[in-house]
Each structure stands twice: as structure tokens, then as C-alpha cells.
Amino acid sequence: KNIDIANPTRTQAILNQYGLHAKKKFGQNFLTDVNVLHDIVDIADITSEDYVIEIGPGIGALTEQLARKAKKVLAFEIDEQMVKVLDDTLAQYDNVRVIHQDILKVNLPEMISQEFEPEASVKIVANLPYYITTPILTQLLHADFKWQNIVVMMQKEVADRLNAEIGTKAYGVLTLTIQYFAQAHLARKVSANAFNPAPNVDSAVVKLVPVKPVVEVDNVDKLFTLIKQSFAHRRKSLWNNLVQAYGKDDRTKTNIQSALLKAEIDPGIRAEKLSLAELSHLYIALHANK
Ligand code: SAM
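In this text, all values refer to a predicted model and were calculated from it rather than measured experimentally.

What counts as what
Residues numbered from 1 in each chain as written. Predicted model: local features only at pLDDT ≥ 70, side-chain atom pairs only at ≥ 80, totals over all residues. UniProt positions renumbered as here; feature names shortened; annotations may be inferred. Helix = DSSP H or I, 4+ residues; strand = E, 2+ residues; numbered from the N terminus. Near = placed C-beta within 6 Å. Nonpolar A, V, L, I, M, F, W, Y, C, P; charged D, E, K, R; others polar. pLDDT = per-residue confidence, 0-100. Buried ≥ 20, exposed ≤ 12 C-beta atoms within 10 Å, placed from the backbone. Pairing = 2+ DSSP bridges. Right-handed = clockwise from strand over helix to strand, strands pointing away.

Brief notes about the UniProt feature "domain: Ribosomal RNA adenine methylase transferase N-terminal" (unreviewed entry) in the protein
In step 1: Per the UniProt record, the feature "domain: Ribosomal RNA adenine methylase transferase N-terminal" (unreviewed entry) sits at residues 36–212.
In step 2: Annotated as 34% helix and 28% strand, the span residues 36–212 places its first and last C-alpha atoms 30 Å apart.

Examining the site of the ligand
In step 1: Residues in close proximity to the ligand total 23 residues, the closest being F26, G56, G58, N127 and P129.
In step 2: At the level of secondary structure, the elements contributing two or more residues to the shell around the ligand comprise β1 (30–31), α3 (61–69) and β3 (72–77).
In step 3: Of the residues assigned to the shell around the ligand, the class counts are 14 nonpolar, 6 polar and 3 charged.

What about the confidence of the model for the protein?
In step 1: Residue-level pLDDT values for the protein average 97, and 99% of them are 70 or greater.
In step 2: Interface confidence in the predicted complex, given as ipTM, is 0.99; pTM for the same model is 0.96.

Describing the environment of E216
In step 1: Turning to its location among the elements, E216 is positioned in the loop between β9 (203–210) and α9 (220–230).
In step 2: Among the residues examined, E216 registers 11 C-beta atoms within 10 Å and is labelled exposed.
In step 3: Residues E216 and T138 lie 78 residues apart in sequence; the distance between their C-alpha atoms is 18 Å.

Let's talk about the pairing of strand β5 (residues 121–127)
When a strand is regular, its side chains alternate between the sheet's two faces.
In step 1: Counting buried residues along β5, 5 of its 7 residues qualify, which places the element largely inside the surrounding structure.
In step 2: One ladder, built from 5 bridges, connects β5 with strand β6 (residues 149–155); its direction is parallel. In the sheet register, V125 faces β6, and the bridge partner there is V151.
In step 3: Between β5 and its parallel partner β6, the chain crosses via helix α6 (residues 133–142), and the hand of that crossover is right-handed.

As C-alpha cells, then:
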């Protein structure tokens, strides 16, 4: 009973016991390297004060390590079969609550106010389902609640996009989302051998810490609508993307033109050459025109 869930033999035994195998459609790759799990818990700096949100507990390998250190763990799992397994594997941890729900459909601020104490120190830790890494990060960052850090395992290739240099192919809406809300750093790489089954991509643990945005705007969602519109066709100019989004009539064109002038942005530039600060100034200028 005291053997870690992540122990490779125990992981396989649990899967066999329940007649389960990892489901590709849910991005199931179970961590079977206890050292990696300890590292994740250390990187997130989990203490007995922390309320942890976990995404995709699977059979509970990471959940267990978190439960040993944290005050409480709230874990969201989409796969009903896993939820049944967790009932058994995590039975001895009374500070864990597993919720059978698609994380992308969870109202996190509401959940937090129901499940956690007011002013709780909230941390988010996960070995993410890779097929929805970007939507999950986007949801977490845009959601209206305070968090201390986010420590997540993801595909190495996506991790590299988070801090992509301006003007590169990897630079885009995800990079800008991260930049607005957080500072990201690659905490460690993880070999495919640490998982059962081994994913066919490289993995990395990324740590995000919250930051104040370089330019604060009145409505973040609207700023990101503009950013998405600006990047809609990466190979087109900013001007073409904006006209496509806002309309080709003369009045609209004049408004866009004067906003670009005010923000000191060349209409012929491509969005991938623009910094978050420049896009924020463009947003402010466009809205001041209305
Ligand atoms: N935490 C476990 C571990 O480290 O061994 C499992 C990680 S596995 C990479 C991803 C987990 O996320 C799986 O358990 C999968 O069923 C779950 N998952 C996939 N899509 C999900 C979603 N939309 N909402 C919640 N959980 C999801």
C-alpha cells in the first residue's frame, strides 16, 4: 500500500486490475518516474498552505505526491473510468477532491470560491493532456482568479513557443497570452521513458509566475480579440487583417488608419513583428476612436 502509484510496476498493476489501457483520445500518458514527480512538486514549491488545482489526475500518480504536501488538492478528470480508479488509489488521502469534469468546461473562479478558503494560496499543477495544452493555458490565464504559480508538463515544442522571439514562426497568440499574464521558464526536460506509454514527442516542465502586464488595458478579452484578428492570416499585412476584421468602408478605414498613426505602427507590417506593448497601444488607439 505504501508503494507510490507512479512506481512502474504498480502503475501497470493498477491498469491491469481495472482492465484499462491509456486512451489516446484523452492524451493519457501516465508518469512512472517518481523522481520527475518529486521535481514537479519541488518546482511548484508546494507547502501545507497551498490549495492545488490539478488537471487530469489519471490514476493519481501526481495527485498523491501533491496530497502529501498540500493543504488540499482539487483534481478535474474527464475520464469516468479514471475517476473510479482514483476512488481506490487515493482513498487514504482525505485532502483530495476529484471532480469528473472536462477542465475546459469548468468555471474555475466559482469552483475556487466553493472549494477553497478565501484568500487561499492557489497553485496549478498538471501533467497536461497534450492535445489541449493551448486551450487549457489560455483558459487558466484568462480566468479571473489569483494564483501563485502554474507548473505544467507539456510537449517540449509547445514549451518553446511560450517564450518565442518576436518575428519567428513560433511567435503568436499563445506567446502574447503568456507575456500578458506571466513569466514562463522551462524548469526541466523530461524523457519519454518517464511515461507509460512513452509519448512520441519530447516533454518539458514549465513554470509560470504571474506578472503585471507591460501595458494594462481596460478589457483583456477585447485586446486578445484584436490580437487574434491581427494574426488571422500570418502572411498578410496588419492592415489587410484589420480591414478584413473591421470592414472595408471608408469610415472604418479612416479609423484604422488614425489608430495606426497614433500607435506609431506601420500598416504594412505583419503582426508577428509587433510586440505586446505595440499591440496594446494599437488596441487603446482603436478604442479611443469609438
Ligand atoms: N496526472 C496523470 C499522470 O501524471 O500520470 C495523468 C496525466 S495524462 C498526460 C492526462 C490526463 O488528463 C488523463 O488522465 C486524461 O484522462 C485527462 N484529461 C484529458 N482531457 C481532459 C479534459 N478535457 N479535462 C480533464 N481531464 C482531461
